[in-house]
Every structure is written in C-alpha cells, then in structure tokens.
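Residue-level structural notes
Residue-level listing of the chains:
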Amino acid sequence: MLELRADQAEVYERVREASREHQSVLIQCATGYGKTALASVIAKGAADKRKRAIFGVFNRDLVRQTANTFQSVGLAHGYIVAGLPSNPFCSTQIATAGTLVNRLDRWPADLFVADEGRLWASPTGRKIIDH
C-alpha cells in the first residue's frame, strides 16, 4: 500500500475540503512531486465509496505509469484506451483523451482526474470536461 508523504497528505486533505465547496479543484505541484500517487489515493477513496472515477491522460505513455501507481495502492482499474482491453466492471478507469472523447456516453463518472491540466484546455479536452 502506498503511503503519502506528509506534504502530500496535507494536499490530499486540502483537496477533500475544497471539493466540499467547489466542483473543480486544481492541484499544481513541481515535476516529481508525486501527483499521480496523490491522484491514485483520491481515486481509491472514490472507489471505496463505490463512486466511478476516470483518470484522463493525453499521452499514451502515461497509461502504464498510472496503472503501476494504481496497482501500488491496490486500486483495481480498467482502460478506456484504444487497443487495450476494457473492463467496464471496474469503478476506476484510466483513459486517453483521444479514446474517451469518442466514448463519453458509455463511461459516466462521479470523479474525473485530468493529468497535465494545461492540456485539457484543448478542443478535445474541453469537450470531455464539459461533458
């Protein structure tokens, strides 16, 4: 089981507090901070509450990295990625934006975590976020 560092745990609590009042919360941290680890703990919390979560990436290389991090916290997940087998029974999905944008109606989510936030201002990203 992955354990957050003290600074990550503090950010985690601040995100939980902010989520009570705001529909969207942005986490901005330096490269190497452990944002994916933090997001995996957030997604696991959602899964534990039987909520559906999607972790969206633009770069296909990040799919495997994210999957490895999810596995480290014991988070079962599926994929919304062209060429990878999907598992609709998993409450948490890792998705590439290019595939997800064409399958939005098939994947409702209670939580959407957008990796590399600046990329989601693109037309594809906006369509997903607006959905």
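Structure first, text after, so check above.
A brief structural summary. Every value quoted in this text rests on a predicted model; they were computed, and no experiment measured them.

**A closer look at the overall build of the protein**
Counting secondary structure elements, the protein contains five helices and four strands. Each helix and strand of the protein, ordered N terminal to C terminal, gives the series α-α-β-α-β-β-α-β-α. Scaling as 2.2 N^0.38, a compact globule of 131 residues should have a C-alpha radius of gyration of about 14 Å, and the protein matches this with 14 Å. Counting only C-alpha atoms, the protein reaches 40 × 30 × 30 Å along its principal axes. Buried positions account for 39% of the 131 residues belonging to the protein. In the protein, of all internal contacts separated by at least 6 residues, the share reaching a separation of at least 24 is 60%. Looking at the protein as shown, the accessible area adds up to about 8000 Å², and 49% of this sits on carbon and sulfur atoms. Averaging the locations of the 17 positively and 13 negatively charged side chains of the protein gives two centres separated by 7 Å.

**Some points on the sheet that holds strand S4 (residues 111-114)**
The four strands are arranged S2-S3-S1-S4 in an open sheet whose pairing can be described as parallel. Each edge of the open sheet is held by one strand with a lone partner, namely strand S2 (78-80) and S4. The sheet shows a mean angle of 25 degrees between the axes of neighbouring strands, taken without regard to direction. Two elements, strand S1 (residues 53-57) and strand S3 (residues 92-96), share five bridges in a ladder whose sense is parallel. In the strand pairing of S3, Phe 55 is matched with Ile 94. Lying on the sheet, helix H2 (residues 35-48) is in contact with S1, S3 and S4; it crosses S4 at an angle near 175 degrees.

**Points about the nonpolar core**
It is characteristic of soluble globular proteins that their nonpolar side chains tend to be buried jointly. Counting residues in each nonpolar core, the largest one holds 22 residues, and the members touching the most others are Tyr 12, Leu 38, Phe 55, Val 63, Tyr 79 and Ile 94. Looking at this core, the elements that each hand over two or more residues are helix H1 (6-21), H2, S1 and helix H3 (61-72). For this core, the element with the most residues is H2, which contributes five residues. For Tyr 79, the contacting residues outside a window of four places in its chain are Val 63, Arg 64, Ala 67, Leu 84, Pro 85, Ser 86, Asn 87, Gln 93 and Ile 94.

**Here we look at unusual backbone geometry**
Located in the positive-phi region is Arg 50, a residue other than glycine, with phi close to 60 degrees. Within the secondary structure, Arg 50 is located in the loop between H2 and S1. Among the residues examined, Arg 50 registers a relative accessible area of 75% and is labelled exposed. Even without being a glycine, Glu 116 presents a positive backbone phi close to 55 degrees. Using a relative accessible area of 33% as the deciding quantity, one classes Glu 116 as partly exposed.

Conventions we followed
Sequence positions are assigned chain by chain, starting from 1 and proceeding in written order. In keeping with the predicted nature of the model, local features appear solely for residues at pLDDT of at least 70, side-chain atom pairs appear and are counted solely at 80 or more, and the whole-chain, interface and lining totals rest on all residues. Side-chain metrics in this entry use all non-hydrogen atoms of the structure; hydrogen atoms and water are not considered. Numbering of helices and strands runs from the N terminus, with a helix taken as a DSSP run of H or I at least four residues long and a strand as a DSSP run of E at least two residues long. Note on method: radius of gyration uses C-alpha positions; expected globular size equals 2.2 Å times residues raised to 0.38. Under the scheme applied here, a residue whose accessible area is under 20% of the maximum for its type counts as buried, over 50% as exposed, and between as partly exposed, the area being computed with a 1.4 Å probe on protein chains only. Contact between two residues is taken to exist if any of their heavy atoms lie within 4.5 Å; hydrogens are not considered. For the area figures, the Shrake-Rupley method with a 1.4 Å probe applies, and any residue is considered shielded solely by the protein chains shown. Here Asp and Glu are counted as negative and Lys and Arg as positive; His is not counted, and neither are the chain ends. Here the site of a charge means atom NZ of a Lys, CZ of an Arg, CG of an Asp or CD of a Glu. A pair of strands is labelled paired if DSSP reports no fewer than 2 bridges between them. Between N-to-C directions, angles cover 0 to 180 degrees, with each direction set by a line fitted to C-alpha atoms, over the stretch in contact for helices. For the purposes of this section, nonpolar cores are sets of buried Ala, Val, Leu, Ile, Met, Phe, Trp, Tyr and Cys residues that join through side-chain atoms within 4.5 Å.

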